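What follows is the residue order along each chain.
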Amino acid sequence: MRLEITQIVLLSILATAVAYDLQWRRIPNWLTGSAILIGLSLHTVTNQLSGLMFSLEGIALGLGLFVILYVCGWMGAGDVKLFAAVGSFLGPAQTISAAIVVALVGGLLALVILGFHQGWRRMGLWLWSWVQAVTLTRSVQVLAPLQGAAPKVPYAVAVGLGTIGSFWWYPLG
């Protein structure tokens, strides 16, 4: 796979977002805003009006897919804006596949962080009780939620890894 300039710029932006999220547990507005403008500009310069529409559709889709998670309190606003920026580079079709991979990576990352935070055995028992409750028709008692404040997941890591993973699922170029 040959990387194009848009992919190299996107990977640089994602690496910066991951570094910020790991160190300060936030993704700055200057980064997400600039990323959106760069994605829009690159596609508009390259493909004029069709490039602009491609990028705008990706932004709208990226924002729309993750804003629900923000409203529910499961994701920070910076994460949502970062994925909108990803959409500005990927366009609508690959934004959907990236969202699926990001969600899978994010879920796995959350389980790993929870396992380290609460202990693997306890987390596994809690998760298994939920699986049983969802899959069995008879009533199963779900274990009490894990105690303590839930650890924060640096979701830029999931966005970065999921976006990179989507390059193999939906190759560009």
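As a reminder, the structure under discussion sits directly above these lines.
All of these numbers come straight from a predicted model, not from anything done at the bench.

A. Representation of the overall build of the protein. Broken down by element type, the protein carries 5 helices and 0 strands. Listed N to C, the secondary structure of the protein is α-α-α-α-α in terms of helices and strands. Taken over 173 residues, the protein has a buried fraction of 36%. The contacts in the protein between residues at least 6 apart in sequence include a share of 68% that link residues at least 24 apart. Accessible surface computed for the protein: about 9800 Å², of which carbon and sulfur atoms make up 69%.

B. Highlighting a nonpolar patch on the surface. On the surface, a cluster of nonpolar side chains totalling about 460 Å² of accessible area is made up of Leu63, Val67, Ile68, Tyr70 and Val71. On the secondary structure map, Tyr70 appears in helix 2 (residues 29-71). For Tyr70, a relative accessible area of 41% gives the class partly exposed.

C. How the structure looks around the packing of helix 1 (residues 5-24) against helix 5 (residues 155-169). Direction vectors running N to C along helix 1 and helix 5 enclose 155°, while the axes themselves pass 7 Å from each other. Classed by the angle they form, the pair helix 1 and helix 5 counts as roughly antiparallel. As for how helix 1 packs across helix 5, the hand of that crossing is left-handed. On helix 5, the residues that touch Gln7, Leu10, Leu11, Leu14, Ala17, Val18, Asp21 and Leu22 of helix 1 are Tyr155, Ala156, Val157, Val159, Gly160, Thr163, Ile164 and Phe167. When the residues that make up the contact of helix 1 with helix 5 are grouped by side-chain class, the tally is 12 nonpolar, 3 polar and 1 charged.

D. Spatial organisation of the packing of aromatic side chains. Enumeration over the complete set of coordinates arrives at 5 aromatic pairs. Aromatic side chains Tyr20 and Trp24 sit 5.0 Å apart centroid to centroid with 45° between the ring planes, which places their arrangement in the tilted category. A residue pair is termed a helical-turn pair when its members lie 3 or 4 positions apart in one helix, as Tyr20 and Trp24 do in helix 1 at 4 residues. The class of Trp24 is partly exposed, set by a relative accessible area of 49%. Relative to Tyr155, the ring of Phe66 has its centre 6.4 Å away and its plane inclined at 80°; by these criteria the two rings are edge-to-face. One end of the pair, Phe66, is in helix 2; the other, Tyr155, is in helix 5, and 89 residues separate them in sequence. As far as burial versus exposure is concerned, Phe66 and Tyr155 are alike and both buried. What links up through ring pairs into an aromatic cluster is the set Tyr20, Trp24 and Trp30.

E. Molecular detail of helix 1. With 20 residues, helix 1 should reach 28 Å at 1.5 Å per residue; the first-to-last C-alpha distance of 28 Å fits that figure. For helix 1, every residue scored as buried is listed here: Thr6, Gln7, Leu10, Ile13, Leu14, Ala17 and Asp21. Buried positions in helix 1, seen along its axis, are confined to an arc of 125° and lie on one side of it. Turned more than 90 degrees away from the buried face of helix 1 sit Ile5 and Gln23, all of them exposed. Where the residues of helix 1 are buried, they touch helix 2, helix 3 (77-118) and helix 5. Remark: Arg25 follows helix 1 within two positions and exhibits a positive phi of approximately 55°.

Definitions and cut-offs
Residues numbered from 1 in each chain as written. Predicted model: local features only at pLDDT ≥ 70, side-chain atom pairs only at ≥ 80, totals over all residues. Heavy atoms only, no water. Helix = DSSP H or I, 4+ residues; strand = E, 2+ residues; numbered from the N terminus. Buried < 20%, exposed > 50% of the residue type's maximum accessible area, 1.4 Å probe, protein only. Contact = heavy atoms within 4.5 Å. Areas by Shrake-Rupley, 256 points an atom, 1.4 Å probe, with all protein chains shown as cover. Patch = residues over 30% accessible without salt bridge, like charges linked within 9 Å, V, L, I, M, F, W, Y side chains within 5 Å. Salt bridge = Lys/Arg side-chain N within 4 Å of Asp/Glu carboxyl O. Axes fitted to C-alpha atoms, helices over the stretch in contact; angles between N-to-C directions. Parallel < 35°, antiparallel > 145°, perpendicular 65-115°, else oblique. Left-handed = near helix turned anticlockwise from the far one by under 90°. Nonpolar A, V, L, I, M, F, W, Y, C, P; charged D, E, K, R; others polar. Phe/Tyr/Trp six-rings, centres within 6.5 Å; stacked < 30°, edge-to-face > 60°. Expected span 1.5 Å × (residues − 1). Arc of directions from axis to C-beta.

Take it as geometry only, folks, not as evidence of what the structure does.
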